[in-house]
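Given next are the chains, with one letter for each unit.
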There are 4 protein chains.
Amino acid sequence: MAASPSGECATLLVCCPDRRGIVATLAQVLYGHGVNILDADQHTDPAAQVFFQRIRFDMGELHTDTTALEGAIADLATRMDMRWRISYPDRAQRVALFVSRTDHCLYDLLLRRRSGELECEIPLIVGNHPDLEQVAGQFGIPFHVFPITAKTKSAQEARELELLADQEIDLVVLARYMQILSGEFIERFGRPIINIHHSFLPAFQGGRPYHQANERGVKLVGATAHYATVDLDEGPIIEQDVIRCSHRDGIGDLVRKGRDLERAVLSRAVRWHLEDRVLVYGNKTVVFA
Amino acid sequence: MAASPSGECATLLVCCPDRRGIVATLAQVLYGHGVNILDADQHTDPAAQVFFQRIRFDMGELHTDTTALEGAIADLATRMDMRWRISYPDRAQRVALFVSRTDHCLYDLLLRRRSGELECEIPLIVGNHPDLEQVAGQFGIPFHVFPITAKTKSAQEARELELLADQEIDLVVLARYMQILSGEFIERFGRPIINIHHSFLPAFQGGRPYHQANERGVKLVGATAHYATVDLDEGPIIEQDVIRCSHRDGIGDLVRKGRDLERAVLSRAVRWHLEDRVLVYGNKTVVFA
Amino acid sequence: MAASPSGECATLLVCCPDRRGIVATLAQVLYGHGVNILDADQHTDPAAQVFFQRIRFDMGELHTDTTALEGAIADLATRMDMRWRISYPDRAQRVALFVSRTDHCLYDLLLRRRSGELECEIPLIVGNHPDLEQVAGQFGIPFHVFPITAKTKSAQEARELELLADQEIDLVVLARYMQILSGEFIERFGRPIINIHHSFLPAFQGGRPYHQANERGVKLVGATAHYATVDLDEGPIIEQDVIRCSHRDGIGDLVRKGRDLERAVLSRAVRWHLEDRVLVYGNKTVVFA
Amino acid sequence: MAASPSGECATLLVCCPDRRGIVATLAQVLYGHGVNILDADQHTDPAAQVFFQRIRFDMGELHTDTTALEGAIADLATRMDMRWRISYPDRAQRVALFVSRTDHCLYDLLLRRRSGELECEIPLIVGNHPDLEQVAGQFGIPFHVFPITAKTKSAQEARELELLADQEIDLVVLARYMQILSGEFIERFGRPIINIHHSFLPAFQGGRPYHQANERGVKLVGATAHYATVDLDEGPIIEQDVIRCSHRDGIGDLVRKGRDLERAVLSRAVRWHLEDRVLVYGNKTVVFA
């Protein structure tokens, strides 16, 4: 991927009704502020007549400043009925991980962040069980336990929301969090939540996909990373993958194979989200991977 | 794969309740007739407590004859409550292909047979449309058109069954045959029927899986080869595979990608069936691939 | 992929030293002629400081004409030291297939063309053996036999070049043509030649890759489609893929698995080339797939 | 995979010149001691005329004892010129990990062991740098630093060998140990050493495979797990895999993609080795995966 000469890359994501000249107009606006486009990826959905673009550009040669640049983009956006989002390199997203008892996705995300593969801050980990507190400790991250029962769920979720607001969390990642978030939680949080489901959705929805897969005798098992919505297992899919299985694989083998798959799929989805590569429209995603 | 010294390999498939000593007993019986085991693949389902084995052996050194050998196996089968099937190299299976209008699976199977990859005879092709008659002609195979309407279905299927019986067909392959066989047809034929479904079952059952996949925004599309049963799209799965897709892929692209997938998955399933690698139990398969 | 509203899509490929404002400048030039950009894919090689772009645009709304448009692009190209190529929908590329005795790649390309997957004309097939004349005949394509010996090679290649010139061939595809083209042929033809090599290059160069793979005990076998250059097996790679193998696979099995791989890899490379998705620089390719 | 009724599974691996009746004879010997065969996987190399078998059996119903059983197998082995190895469930292999500075393979192996996926003991980790001491500490495993220079290499390797002998190490795993072991070390250790090489061997041997891959412009990068021999990068291959790359991937991206590949390939090779699924013959492996 092209590196910025100055190392100061910003990313602009836009989405609007398709019309003639969008690419030229947008490029012209940016160029007028001295912006050098390093990478531009673009897509038009011919059925929905929607235009999508991701532009990575070098901040180092900006003639004006970010306020002026954003003002110009906002003007254009009004004229073109455009949704847009801009990210600067000096503001890493703040991510909260939600976990239960299994550690493979948690370790995977923490190690990828440490190796520089995931550019984000992880100021807190939430568990509905205390089991993984030690893992959080190894990485020096505060761990918060919120045990959930049918009775306490509403109150606990309220406390979680407070914590997320307090910590200015941009993204929640459900790293095998074996607890269903209420629709109210999802709506009130109002920011993206990425979940990993251990099947190739829409096959095998619900809580025991490996058992269902084993029963049906499928020859591949899958995993799906998607944005959590109020409709469980129905949110926009970001990434999926599968692994081959056979009659020799019992439930235990599927679980083992699934661990590798889940962490691979989840980490790709999180990385793409953090790098502003994902645009949601309708119940689908455009992923500029 | 091990070649027979004499080139005369037979294959024995067995399936029975698991018990101690099966492997030794069976090996001993075969050895007693001079049979040299070339390959033996074996599986025990620990949940169902069922034993499966596939044995390929050299006929060239048989002391006795096939009648004596089969008698000995039959005796053992009675004692062990064993289902079994034996295939000899001098009797190729006779396969009927059912097609509609798309030719990719048909060409694929015919070319694989010509190259020696599929060891079988294909004495006839059945179409519910005349479109692919010319392809059949290129390979010198009789083509039979049975147009089907709601009204004629029952009568036409009866004629098809007669033809299959007349031609001593062992296996029907639905090579994108866009017509649902009646339960009566399946039962009366009484032999295996392999179908290719253009999705990763159990996701996207029914007639328009690529449209469903596109609508759901999945990141992989699949294909599934399975034995046809009276429950549509619910039969035992023999083989599945997937291919990556993205927001750039419209229905047309999914159809194009799917063609490659369908022919790959179907041909593997057919080859494994012809090589006696597939055992059905319950609604699942053991595939000694 | 975005369809043109009018169905009249042209493709522009450019490549030049990287500099600020290229995207905007190019977009502006096109927009000035009424061109509506449908898809734009772009890449900058940060090490080589080279800029690459592929633009697909709608011809239907062109204000001027193709002469004026090409003039404007040519002017820009001079200023920017740009290589460029433009393709119009009403001029399909003319492709010659070179074959020997094996038919799997030949059938595959012919069937993909017939299904509309490969948009090109195939006015002739060249064989160094007569074996596949009948296949050519089934698709109504003239077949030319040029038997090659060490003695006749030079003269035969001269006749082939004459035929290619006469037929205005844009692209030669070596579809398992088991004969090495001379450097002189490649230079005098002067247009792209795509070859399929049956290994994962740079591993196993030369004539017997499956034997080498078997001897080394690798766990995957591969295939590589590349542009033919005077350095055998060293040309720019367009596409590669692999398939899993095991100790059970003898040479015959590798050949069988390889057939599927070769045709898949070759057909992708040819399709991408025909759709103007491939740019060569140095000994590498940029593929806007 | 079939579970033992008693949970006490032993594994027997054998390898000998192929001859008639081996399967029956071996099964009979085991059956005579009350052994119930749970899984038997077998292979004959037709070119080399070598027979391989892996038998997993239930210890719980053994009539005699392991001494008698091994005696019987040893007798048979003498008659049949057979190499053999038997493993019991109560004796886990003792594994030493060798590391340098990168932690992805180390973490991966430690986590898989903790999750029960790798059944072994890891009594020590050796580093030629102290960097990963803390990781070892998190898992409570002693860490030994042996800095190596050209001058100290011989003495340091002698000390390492002493440590390995002292700790009764069965297997050394080079988990991205960026140091070449001397031929003398390999010979004197005399037990298996598994290495992970970050390319698809035999392509890109040597120390900078990602740079070589980037330079050649390949479309896939690979990783290879193999037994270390005195011929660097030439030992018997246990497992390989690849991942797709493109012109967009710089060296940094290849390194990132490679990390996932390396840990996946290495952990599969180690698991198969620990489960006695790998037999070496010549410079190749039979892997009963």
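Rules used in this analysis
Residues numbered from 1 in each chain as written. Chains lettered and ligands numbered in written order. Predicted model: local features only at pLDDT ≥ 70, side-chain atom pairs only at ≥ 80, totals over all residues. Heavy atoms only, no water. Helix = DSSP H or I, 4+ residues; strand = E, 2+ residues; numbered from the N terminus. Rg over C-alpha atoms; globule rule 2.2 N^0.38 Å. Buried < 20%, exposed > 50% of the residue type's maximum accessible area, 1.4 Å probe, protein only. Contact = heavy atoms within 4.5 Å. Areas by Shrake-Rupley, 256 points an atom, 1.4 Å probe, with all protein chains shown as cover. Least-squares fit on C-alpha atoms with pLDDT ≥ 70 in both. pLDDT = per-residue confidence, 0-100. Buried area = accessible area lost by both parts, 1.4 Å probe. Salt bridge = Lys/Arg side-chain N within 4 Å of Asp/Glu carboxyl O. Polar contact = N/O pair within 3.5 Å; in protein donor to acceptor, adjacent residues only side chain to side chain. Phe/Tyr/Trp six-rings, centres within 6.5 Å; stacked < 30°, edge-to-face > 60°. Pairing = 2+ DSSP bridges. Axes fitted to C-alpha atoms, helices over the stretch in contact; angles between N-to-C directions. Disulfide = S-S within 2.5 Å. Arc of directions from axis to C-beta. Parallel < 35°, antiparallel > 145°, perpendicular 65-115°, else oblique. Left-handed = near helix turned anticlockwise from the far one by under 90°. Nonpolar A, V, L, I, M, F, W, Y, C, P; charged D, E, K, R; others polar.

A. Here's a closer look at the overall build of chain A. What chain A contains, in helices and strands, is eight helices and 13 strands. At 21 Å, chain A has a C-alpha radius of gyration in line with the 19 Å of a compact globule built from 289 residues. Its C-alpha atoms put chain A at 60 × 40 × 35 Å along the principal axes. Out of the 289 residues belonging to chain A, those deemed buried represent 60%. For chain A, contacts bridging at least 24 residues in sequence account for 66% of all contacts bridging at least 6. Just so you have it, chain A exposes about 11100 Å², and 50% of that area is on carbon and sulfur atoms.

B. Expanded view of the relation of the copies chain C and chain A. For the match of chain C to chain A, the screw axis carries a shift of 0.0 Å, the RMSD comes to 0.0 Å, and the turn is 180°. Taken together, the turn and the small shift mark the pair as related by a two-fold rotation axis.

C. Highlighting the confidence of the model for chain A. Residue and element names in this part refer to chain A. Overall, the predicted model of chain A reaches an average pLDDT of 93, with 98% of residues at or above 70. When the criterion is pLDDT under 50, residues 1-6 qualifies, and its contacts beyond four places in sequence or with other chains add up to 21 contacts. Across the whole predicted complex the pTM is 0.94, and at the interface the ipTM reaches 0.91.

D. Seen up close, the relation of the copies chain B and chain A. Expressed as a screw operation, the relation of chain B to chain A combines 0.0 Å of axial shift with a rotation of 180°, fitting to an RMSD of 0.0 Å. When the interface residues of chain B are mapped onto chain A, 100% of them again lie at the interface, so the same face is used by both copies.

E. Structural detail: the interface of chain B and chain A. Contacts between the two partners involve 34 residues from chain B and, on the opposite side, 34 residues from chain A. When chain B packs against chain A, close to 2800 Å² is buried across both sides, 51% of that on carbon and sulfur atoms. Interface area lost by chain B to chain A is led by R216, K219 and H247 of chain B, which between them contribute 26%. Joining chain B to chain A, the criterion identifies six salt bridges. Linking chain B to chain A there are 24 residue pairs in polar contact (both at pLDDT 80 or more).

F. Local environment of the packing of aromatic side chains. In total, this model carries 28 aromatic pairs over all chains according to the counting rule given. Their ring planes at 65° and their centres at 6.2 Å tell us that F98 of chain B and F185 of chain B sit as a pair that is edge-to-face. Note that F98 of chain B is positioned in strand β5 (residues 93-99) and F185 of chain B in helix α6 (residues 183-189), a separation of 87 residues in sequence. We classify F185 of chain B as buried; its relative accessible area is 1%. Judged by centre distance (6.1 Å) and plane angle (50°), the rings of Y107 of chain B and Y107 of chain C are tilted. Separated into two different chains, Y107 of chain B in helix α3 (residues 104-114) and Y107 of chain C in helix α3 (residues 104-114) make up a pair that spans both. A single burial state applies to Y107 of chain B and to Y107 of chain C, both of which are buried.

G. Summary view of the environment of I73 of chain D. Residue and element names in this part refer to chain D. Relative to the helices and strands, I73 resides in helix α2 (residues 66-80). Residue I73 is classed as buried on the basis of its relative accessible area, which comes to 0%. A C-alpha to C-alpha distance of 27 Å links I73 and V95, two positions 22 residues apart in sequence. Aside from chain neighbours lying at most four places away, what touches I73 is L12, L30, W84 and I86.

H. Just the interface of chain C and chain A, in detail. Between chain C and chain A, the residue contacts involve 24 residues of the former and 24 residues of the latter. Across the chain C/chain A interface, buried area totals approximately 2000 Å², and carbon plus sulfur atoms make up 51% of it. Looking only at chain C, the three residues that lose the most surface to chain A are R20, Y31 and Q42 of chain C, adding up to 27% of its buried area. Taken together, chain C and chain A are joined by zero salt bridges. Where chain C meets chain A, there are eight residue pairs in polar contact (both at pLDDT 80 or more).

I. Region of the structure containing the pattern of salt bridges. Inspection of every chain in the model, using the stated rule, returns 96 salt bridges over all chains. Measuring nitrogen to oxygen at the nearest pair gives 3.0 Å for the salt bridge that ties R112 of chain C to D260 of chain B. You can see R112 of chain C sitting in helix α3 and its partner D260 of chain B sitting in helix α8 (residues 251-274), one on each of two chains. As a salt-bridge pair, D241 of chain D and R244 of chain C come within 3.6 Å of each other at their nearest N and O atoms. Here R244 of chain C lies in strand β11 (residues 237-244) and D241 of chain D lies in strand β11 (residues 237-244), a pairing that spans two chains.

J. The arrangement of unusual backbone geometry in detail. At the junction of L201 of chain A and P202 of chain A, the peptide bond is cis and its omega measures out at 10° in the coordinates. Structurally, the position occupied by P202 of chain A is in the loop between β9 (193-197) and α7 (209-216). The phi dihedral of D276 of chain C is positive, around 55°, even though this residue is not glycine. Considering the arrangement of structural elements, one finds D276 of chain C in the loop between α8 (251-274) and β12 (278-281).

K. Looking closely at the sheet that holds strand β5 (residues 93-99) of chain D. All names here are of chain D. Taken together, seven strands build an open sheet; the order of strands is β7-β6-β5-β8-β9-β10-β11 and the sheet is mixed. The strands lining the two open edges of the sheet, one partner per strand, are β7 (143-145) and β11. Each adjacent strand pair in this sheet contributes to an overall mean axis angle of 20°, direction not counted. Sheet topology places β5 next to strand β8 (residues 171-174); four bridges connect them, and they run parallel. Residue pairing in the sheet places A96 in a bridge with V172 of β8. Sitting on the sheet, helix α3 (residues 104-114) touches β5, β6 (120-127) and β8, and the angle it makes with β6 is about 160°.

L. Main features of the sheet that holds strand β9 (residues 193-197) of chain B. Residue and element names in this part refer to chain B. Taken together, the seven strands give an open sheet; going across it, the order is β7-β6-β5-β8-β9-β10-β11, and neighbouring strands pair in mixed fashion. Each end of this open sheet is capped by a strand with a single partner; those strands are β7 (143-145) and β11 (237-244). Averaged over all adjacent pairs, the angle separating strand axes in this sheet is 20°, with direction ignored. By the bridge criterion, six bridges tie β5 to strand β6 (residues 120-127) in an arrangement that is parallel. Each residue of the ladder has a partner; that of L97, found in β6, is I125.

M. Representation of the side chain of T285 of chain B within the structure. Residue position: T285 of chain B is located in strand β13 (residues 284-287). Within the structure, T285 of chain B has its side chain in polar contact with the side chain of K219 of chain A (distance 2.9 Å). A distance of 2.7 Å separates the side chain of T285 of chain B from the backbone oxygen of I237 of chain B, its partner in a polar contact. If near-sequence neighbours (up to four positions away) are discounted, T285 of chain B is found in contact with K219 and H247 of chain A together with Y227, P236, I237, I238, V278, L279 and V280 of chain B.

N. Layout of the state of the cysteines. Applying the stated criterion across every chain yields a total of zero disulfides over all chains. Cysteine C15 of chain B is unpaired, with the sulfur of C16 of chain B as its nearest cysteine sulfur at 6.9 Å. Here C105 of chain D stays unpaired: no disulfide links it, and the sulfur of C120 of chain D, its closest cysteine neighbor, is 15 Å away.

O. Quick peek at α7 of chain A. If you check which residues of α7 of chain A are buried, you get P209, Y210, A213 and R216 of chain A. The buried side chains of α7 of chain A occupy one side of the element, clustering within an arc of 130° when seen end-on. Looking at the packing, one finds that the buried side of α7 of chain A touches β9, β10 (220-227) and α8 (251-274) of chain A together with β11 of chain B.

P. Structural context of the environment of S246 of chain D. The topology assignment puts S246 of chain D in the loop between β11 and α8 (251-274). For S246 of chain D and V221 of chain D, which are 25 residues apart along the polypeptide, the C-alpha to C-alpha distance reads 9.8 Å.

Q. Structural view of the packing of helix α1 (residues 22-32) of chain B against helix α1 (residues 22-32) of chain D. Two elements in contact, α1 of chain B and α1 of chain D, have axes whose closest approach is 8 Å; the angle formed by their N-to-C orientations is 140°. By the angle class used here, α1 of chain B and α1 of chain D are oblique. At the point where α1 of chain B passes α1 of chain D, the crossing takes the left-handed sense. In this structure, α1 of chain B uses V23, A24, A27, Q28 and Y31 of chain B to contact α1 of chain D, whose residues at the interface are V23, A24, A27, Q28 and Y31 of chain D. By residue class, the composition of the contact of α1 of chain B with α1 of chain D is eight nonpolar, two polar and no charged.

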